[in-house]
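Each chain is listed here by its residues.
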Amino acid sequence: MENLLLSLLGTVYPANDMMAGMLVLYAEVFGLISFILFAIANILYVCIVIYSGGVKKRITAFPREQEMLLDVFFLIFPTLAILYILVPTLGFIFNSDFANIDTFVNVNVVGHQWYWTYEYYNNLSILPGFSNIYMEISLLQIDSFMDTDATINRLLEVTNRLVIPAGHFVGLHITATDVIHSFALPQLGVKVDAIPGRIAQATVFLPTSGVYRGQCSELCGAYHGFMPIVLEAIKLEYWYDWYCVNLGVTPAMLLLHDVNFSLCPASVTLEAK
Amino acid sequence: MYQGKTLINFKKDLLETYHLVVKHVRPFVESLEKTVFKRWVWTTNHKRIGILYLLFGVFAGVLSLMMSVLIRLELMFPGDQLLFGNYQFYNVLVTMHGILMLFVVIFPISFGGFGNYFVPILIGAPDMAFPRLNNLSFWLLFPAAFSLLLSAFIDGGAGTGWTLYPPLSSLVSHSGASVDFVILSMHLAGASSIAAAINFICTIFYFKMDSMYMKDLPLFVWAVLITSFLLLFAIPVLAAAITLLLFDRNFNTSFFDPIGGGDLVLYQHLFWFFGHPEVYILILPSFGIISHVVSTFSNKPIFGYISMIGAMVVIGIVGFVVWAHHMYTSGIDTNTRAYFTSATMVIAIPTGIKVFNWVATVWGGSVWLHTPMSFALGFIVLFTMGGLTGVVLSNAGIDVSLHDTYFVVAHFHYVLSMGAVFAIFAGFYYWFGKITGYQYSEYLGQIHFWVTFIGANMTFFPMHLLGLAGMPRRIPDYPDMYSFWNIICSLGSIVSLCGVALWFYIMYDALTSTSKVVCPRNPWIFLSLHSFLGLVYLKTRVFVYQYIFVRNVSFVIRSKNSTATTLEWTINSPAPLHTFISPIRVITPSISYLQYRNNSLCVNIVEEAALLCFMYKDVSSLYSYSSII
């Protein structure tokens, strides 16, 4: 049923509450605007038929009082329609503000011409016992280029995915180094411009594991269409493994503080295929 | 080659050539100066400048249309189609298509062309207030378009999008001169627009005939007036933004360079403070044209005249405080997004009033579906659709998922390509006879409408679905899942191209066909056969069978007897070069004179025409006053 509805609307399938909320809002607005559009189109069609010049010779203008009344109605009707849309919209806008939420892990997303770099902080609050330590050192740096050899998801496959744990809030700090890019994941309801000199924040929550794809959404030069974003949400325990393997340490080492942080940021960089 | 003695021969040759040139070419150039140049290049006549605007706009429009067709052909199937992987060139095409359509096509046609030609006529003025400024504002448009096109050939072109967002348009990404040329072009177009705007404002305020109050100005004149004010306030902000960008590029300032302490979002604010009124600048003259057409072809005065004017004024004012809805994803905070969402939605109220008033004008009238009316009704439905998707996009909650997708492309093509362009076509067919003196073929006009209607909808409707599925704008190649609707879009663009080709044939046919129809003073007099026969019976006391009538009688109506709602139908077709030299006299009883809404304007038709024939030897005004229906 939901699939049918969504395919009628033509929208993407929502992956989390954020996007589902947007789609509900869209469906609400869509119902109203399609009603108005069909009403106007039908009234005009009826006018063409019954007031056709060949049929109807004498015009019937509205009397002055009716004209004034109708004018008032024409003012009030769009106002009410706008209010009908505006109230849930404002509720949604203020509710979707995740600025103060505690994130489980934070990722720096940096746009380049024409690839993305994901920098994982060593955000030790993810480990038990270290919840009040917050060291902003970029430990793991991943360059995510488009996979030009991909045949299945052409233009949507990357060399290295952005991997996040499912079921936890993930903070994305988004910026760019050269020109403006836009980090977009349609199914997650995320679209944030990556602006050089500014850091934008987005919070992502995915209830289940899965792979979600998006593309750069701000014109950024010749290869604008060729810097896709692939986000993979996996279970937390797998994510620990993935993180530690890519970092070149074992979870125990991380736990026992046995990693030389000063060496880490530049040393661990995944090479592009 | 030439040495010693031969050098003297060379000089001699040169001298002889020079004399030859002087003897043969100079008279030709002089005659050219006397005829073409004097009449068309340094003309100060508002009608000729209007025609120049129209021709230039159509020329640039075809250029821009070709670019859009190239874009659509590139996007017809997944993978590289015909640009051979030259994605910078694709971006250049997108940029040129946008800037040309905004600055050199729609604006010059609907504001410059129809505005120049018809505003002085509609207000009963002899010409524009500053005729030489008028000439300047047209000829500034030429270097603007020229430098814009030039920019595409230098250093790989400007692939920045029409918005010229800085880091991409700064030296880092576009180190050549192409963006400088685009900036120069925008400056020139802006100067031209401001000159035209000042001219219109002065003309409308000071040259309107004495018997007209402001509230009696035709709606097209009101639309042009409000557009002029929007231009006057918006263009300087654009000039500031792009001048700062020019400084960044050439004089090492860092207004928009974060390394030097600049801010990129500042540019977006400045640009969209201009950019949003710009879209109303493009659509307001179209509102005016549509009001005239709907009123004429429904045989009814426009419903809610004052509220129509008020709606346009409100759109103009509110249009200035909604700019950041173009920047919902640029990192503005929640409260700001809430404000701009509310303010943007408020614009839907006056726009809704206008649409409802048009519908109420058609309601109860006597509707004649000639080509202009077809285009006008198409405008109302499709512009409403574009406006309603605008309500969707104004919504900061939904816009996050639709921003910079094809949904946006679909939205602004519905309001511009099917709003402004449909209105331009409506105005074109409505006033074609008045400008050229010949009437177009109604049959071909209807075909043109349907081809354009189907083509445009086929092109742009699937873009909504692409956008909802998440396809980003301005990408030269797309994932395979979007291919189906893209194929439909591209086929639709080819249908639209056929429509434009047909449009040129219609013009060719109307102007050169052997059976061309001379346009009467007012071609829009509608009489059904039935009421016409009744009229004949009343006048002549002879009962005519319909059958006999259809076969044998072609009836002549004196168009002097018909009432006209606006002044352009009281002058000859084509409009003589100088109209309303003698001020218009309004002949009505004093009570009617006070009841302005109900008065009809009776112009000194006969004297003026005779005067013109006498003074200017203008052959065009010698056409008969009568029309054949």
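Some details on the overall build of chain A
Counting its secondary structure elements, chain A contains 6 helices and 11 strands. Scored against the burial criterion, the 273 residues of chain A give a buried share of 52%. Pairs at least 24 apart in sequence give 63% of the contacts found in chain A among residues at least 6 apart. Summing over all exposed atoms, chain A offers an accessible surface of approximately 12,900 Å²; the carbon and sulfur share of this is 63%.

Description of the interface of chain B and chain A
Between chain B and chain A, the contact holds 87 residues from the first and 74 residues from the second. Summing both sides of the interface, chain B and chain A together bury roughly 6,900 Å²; the carbon and sulfur share of this comes to 71%. Between chain B and chain A we count 3 salt bridges in total. Here Arg154(A) makes a salt bridge to Asp480(B), at a shortest N to O gap of 3.0 Å. Counting the contacts that link chain B with chain A gives 18 residue pairs in polar contact (both at pLDDT 80 or more). If one sorts the elements of the side of chain B that touches chain A by residue count, helix 11 (residues 334–362) of chain B sits on top with 16 residues.

Overview of helix 4 (residues 236–247) of chain A
Residues and elements named next belong to chain A. Taking 1.5 Å of rise per residue, 12 residues should cover 16 Å, and helix 4 covers 16 Å from first to last C-alpha, within 8% of that figure. Along helix 4, the positions that sit buried rather than exposed are Leu236, Trp239, Trp242, Tyr243, Cys244, Asn246 and Leu247. Following helix 4 by one or two positions, glycine 248 adopts a phi angle in the positive range, close to 85 degrees.

Digging into helix 11 of chain B
In this model, helix 11 of chain B (29 residues) spans 43 Å end to end at C-alpha, consistent with the 42 Å of a helix rising 1.5 Å per residue. Among the 29 residues of helix 11 of chain B, 24 are classified as buried, and the element is accordingly described as predominantly covered.

Thoughts on the pattern of salt bridges
Residues and elements named next belong to chain A. By the definition in use, this model includes 8 salt bridges over all chains. Its salt-bridge partner being arginine 161, residue glutamate 232 comes within 3.2 Å of it at the nearest N-O pair. Here glutamate 232 is found in strand 10 (residues 228–234), whereas its partner arginine 161 is found in the loop between strand 3 (138–144) and strand 4 (162–165), with 71 residues between them in sequence. Judged by relative accessible area, which is 25%, arginine 161 ranks as partly exposed.

Concerning the domain arrangement of chain A
All names here are of chain A. Domains assigned within chain A are domain 1 (2–97) and domain 2 (105–270). With 8 residues of domain 1 at the interface, the matching set in domain 2 holds 8 residues. Contact between domain 1 and domain 2 buries roughly 590 Å² in total, counting both sides, with carbon and sulfur atoms accounting for 55%. Considering only residue class, the side of domain 1 that touches domain 2 consists of 7 nonpolar, 1 polar and no charged.

Description of the confidence of the model for chain A
Residue and element names in this part refer to chain A. Of all residues in chain A, 80% have pLDDT values of 70 or greater, and the mean over the chain is 82. Between residues 128–137, whose pLDDT stays under 50, and residues either more than four places distant or in other chains, the model counts 20 contacts. Within the model, pLDDT remains below 50 along residues 260–273, and this stretch shows 24 contacts once partners closer than five positions in the same chain are excluded.

Description of a nonpolar patch on the surface
On the surface, Ile43(A), Tyr45(A), Val46(A), Val49(A), Ile50(A) and Trp363(B) cluster together into a nonpolar patch covering about 530 Å² of accessible area. Within the secondary structure, Ile50(A) is located in helix 2 (residues 17–50).

Notes on the environment of Leu236(A)
All names here are of chain A. Here leucine 236 lies in helix 4. C-alpha separation for the pair leucine 236 and histidine 168, spaced 68 residues apart in sequence, amounts to 8.5 Å. Other than its neighbours up to four places away in sequence, leucine 236 contacts Phe104, Pro165 and His168.

Points about the state of the cysteines
As enumerated under the stated definition, the model contains 0 disulfides over all chains in all. Sulfur of Cys220(A): no disulfide; nearest cysteine sulfur belongs to Cys216(A) and is 3.8 Å away. Sulfur of Cys498(B): no disulfide; nearest cysteine sulfur belongs to Cys489(B) and is 16 Å away.

Observations concerning the packing of aromatic side chains
Residue and element names in this part refer to chain B. Following the criterion strictly, the structure yields 76 aromatic pairs over all chains and no others. Geometrically, the ring pair formed by phenylalanine 287 and tryptophan 358 is edge-to-face, given 5.5 Å between the ring centres and 70 degrees between the ring planes. On the criterion of sequence distance, the pair formed by phenylalanine 287 in helix 9 (residues 264–297) and tryptophan 358 in helix 11 is long-range, its members being 71 residues apart. Neither residue differs from the other here; phenylalanine 287 and tryptophan 358 are each classed as buried.

Some thoughts on the sheet that holds strand 10 of chain A
All names here are of chain A. Spatially, the 3 strands line up as an open sheet ordered 4-10-9, and their pairing is mixed. Two strands bound the open sheet, and with one partner strand each, they are strand 4 and strand 9 (210–215). Direction aside, the axes of adjacent strands within the sheet are offset by 25 degrees on average. Here strand 9 pairs with strand 10 via 6 bridges, running antiparallel. Among the inter-strand pairings, glycine 210 is bridged to a residue of strand 10, identified as alanine 233. In the packing of helix 4 onto the sheet, the strands contacted are strand 4 and strand 10, and the crossing angle to strand 4 comes to about 135 degrees.

What counts, and where the lines are drawn
- The residue numbers shown here count from 1 along each chain, following its written sequence.
- Here chains are named by letter from A upward and ligands by number from 1 upward, in the order in which they appear as written.
- Reporting in this predicted model follows two pLDDT cut-offs: at least 70 for local features of residues, and 80 or more for side-chain atom pairs to be given and counted; totals over whole chains, interfaces and linings ignore these cut-offs and use all residues.
- Computation of side-chain values: all heavy atoms of the structure, hydrogens and water removed.
- Strands are runs of DSSP state E lasting at least two residues, helices are runs of H or I lasting at least four, and both sets are numbered from the N terminus onward.
- For every residue, the accessible area obtained with a 1.4 Å probe (protein chains only) is divided by the maximum for its type, and the residue is called buried under 20%, exposed over 50%, and partly exposed between those limits.
- A contact between two residues is defined here by any heavy atoms of the two lying within 4.5 Å.
- Throughout, the Shrake-Rupley method with a 1.4 Å probe supplies accessible areas, and for residues the shown protein chains are the sole cover considered.
- In short, buried area is how much 1.4 Å probe accessible area vanishes from two parts on joining, totalled over both.
- Salt bridges, as used here, are contacts in which a Lys or Arg side-chain nitrogen is within 4 Å of a carboxyl oxygen on Asp or Glu.
- Distance and chemistry together define a polar contact, namely a pair of N or O atoms within 3.5 Å, with one atom able to donate a hydrogen and the other to accept it when in protein, and with adjacent residues in sequence counting only for side-chain atoms on both sides.
- Given a helix with a known number of residues, its expected span is that number minus one, times 1.5 Å.
- Each domain span listed reflects an automatic or database assignment of domains.
- Asp, Glu, Lys and Arg are counted as charged, while Ala, Val, Leu, Ile, Met, Phe, Trp, Tyr, Cys and Pro are counted as nonpolar; the rest, among them Gly, fall into the polar class.
- Along the chain, pLDDT gives the predictor's confidence residue by residue, from 0 to 100.
- The patches described consist of residues with a relative accessible area above 30% and no salt bridge, like charges being joined within 9 Å and nonpolar side chains (Val, Leu, Ile, Met, Phe, Trp, Tyr) within 5 Å.
- The term disulfide is used for any two cysteine sulfur atoms that are within 2.5 Å.
- The rule is short: rings of Phe, Tyr and Trp, with Trp giving its six-membered ring, pair when the centres are within 6.5 Å, and they are stacked under 30 degrees, edge-to-face over 60, tilted in between.
- Criterion used throughout: strands pair if DSSP finds at least two bridges between them.
- To define axes, lines are fitted to C-alpha atoms, for helices over the stretch in contact only, and angles between the resulting N-to-C directions are given on a 0 to 180 degree scale.

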